[in-house]
Amino acid sequence: MFPSLVTGKRLDKKAMQKPWAKIRELAGLPDNLNLYTLRLNFASQLIAKGADLLTVSKLMAHTNIQTTIKHYGHLVQNKAKEYLDFL
């Protein structure tokens, strides 16, 4: 989720646990609020606002759009009728 400033590669999943715990504490956020939840919310909000899956995939830094489709494809409304009505 986060790139290393040294290697540029993704940090270990546990690398942000202590900093995130401190942020939650300082902000008075619930202990069960995790970064993954915020990430899911980010993608869901983009799709709800009409972002296409390719854009969401790029913003989520997925290396393969199939990952985006697998996790968020069900949120995309079927717009086929809308497009056909437009014609």
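These notes cover the structure that comes with them.

Cut-offs and rules
Residue numbers run consecutively from 1 along every chain, following the written order of its sequence. pLDDT decides what is reported in this predicted model: residues at 70 or higher carry local features, side-chain atom pairs at 80 or more are listed and counted, and totals for whole chains, interfaces and linings draw on all residues regardless. Side-chain metrics in this entry use all non-hydrogen atoms of the structure; hydrogen atoms and water are not considered. Here, a salt bridge means any Lys or Arg side-chain nitrogen found within 4 Å of an Asp or Glu carboxyl oxygen. Numbering of helices and strands runs from the N terminus; a helix is a DSSP stretch of H or I covering at least four residues, while a strand is a stretch of E covering at least two. Partly exposed residues are those whose accessible area sits between 20% and 50% of the maximum for their type, while under 20% is buried and over 50% is exposed, using a 1.4 Å probe and protein chains only. To estimate the expected span of a helix, count its residues, drop one, and scale the result by 1.5 Å. As used here, the arc belongs to the directions running from the helix axis to the C-beta atoms. Working rule for contacts: check all heavy atoms of both residues, and any pair within 4.5 Å makes them a contact. Think of a nonpolar core as a cluster: buried Ala, Val, Leu, Ile, Met, Phe, Trp, Tyr and Cys residues, connected wherever their side-chain atoms sit within 4.5 Å. Residues enter patches when their relative accessible area tops 30% and they take part in no salt bridge; the joining distance is 9 Å for like charges and 5 Å for the nonpolar side chains Val, Leu, Ile, Met, Phe, Trp and Tyr. Using the Shrake-Rupley algorithm and a 1.4 Å probe, accessible areas are obtained, with residue cover drawn only from the displayed protein chains.

## A look at the pattern of salt bridges
Consideration 1: Under the criterion given, the structure shown has one salt bridge.
Consideration 2: We note a salt bridge from Glu25 to Lys22, for which the minimum N-O separation is 3.9 Å. Here the residue Glu25 and the residue Lys22 both occupy positions in helix 1 (residues 17–27), the gap between them amounting to three residues, near one helical turn.
Consideration 3: Classification of Glu25 as exposed rests on a relative accessible area of 57%.

## A few points about helix 2 (residues 35–48)
Consideration 1: An ideal rise of 1.5 Å per residue puts 20 Å on 14 residues; helix 2 measures up with 20 Å between its terminal C-alpha atoms.
Consideration 2: Buried within helix 2 we find Leu35, Arg39, Ala43 and Ile47. The buried residues of helix 2 occupy an angular sector of 120° when projected down its axis, which confines them to one face.
Consideration 3: The inward-facing, buried residues of helix 2 contact helix 1, helix 3 (53–59) and helix 4 (65–72).

## Some thoughts on the side chain of Thr68
Consideration 1: As for its position among the elements, Thr68 is in helix 4.
Consideration 2: A relative accessible area of 0% places Thr68 in the buried class.

## Quick word on the environment of His62
Consideration 1: Along the chain, His62 turns up in the loop between helix 3 and helix 4.
Consideration 2: On the accessibility criterion, His62 (17% relative accessible area) is buried.
Consideration 3: Spatially, the C-alpha atom of His62 lies 19 Å from that of Leu5, the residues being 57 residues apart in sequence.
Consideration 4: Other than its neighbours up to four places away in sequence, His62 contacts Arg39, Ser57, Thr67, Thr68 and Tyr72.

## Examining the nonpolar core
Consideration 1: In terms of nonpolar packing, the biggest core is built from six residues, these being Ala43, Ile47, Leu53, Val56, Met60 and Tyr72.
Consideration 2: Elements supplying a minimum of two residues to this core: helix 2 and helix 3.
Consideration 3: Here Val56 is in contact with Ala43, Leu46, Ile47, Ala51 and Thr68, once residues within four sequence places are set aside.

## Topic: a nonpolar patch on the surface
Consideration 1: On the surface, Leu84, Phe86 and Leu87 cluster together to form a nonpolar patch covering roughly 460 Å² of accessible area.
Consideration 2: Following the sequence through the fold, Leu84 ends up in helix 5 (residues 80–86).

## Notes on unusual backbone geometry
Consideration 1: One non-glycine residue, Ala61, lies in the positive phi region at around 60°.
Consideration 2: Residue placement: Ala61 occurs in the loop between helix 3 and helix 4.

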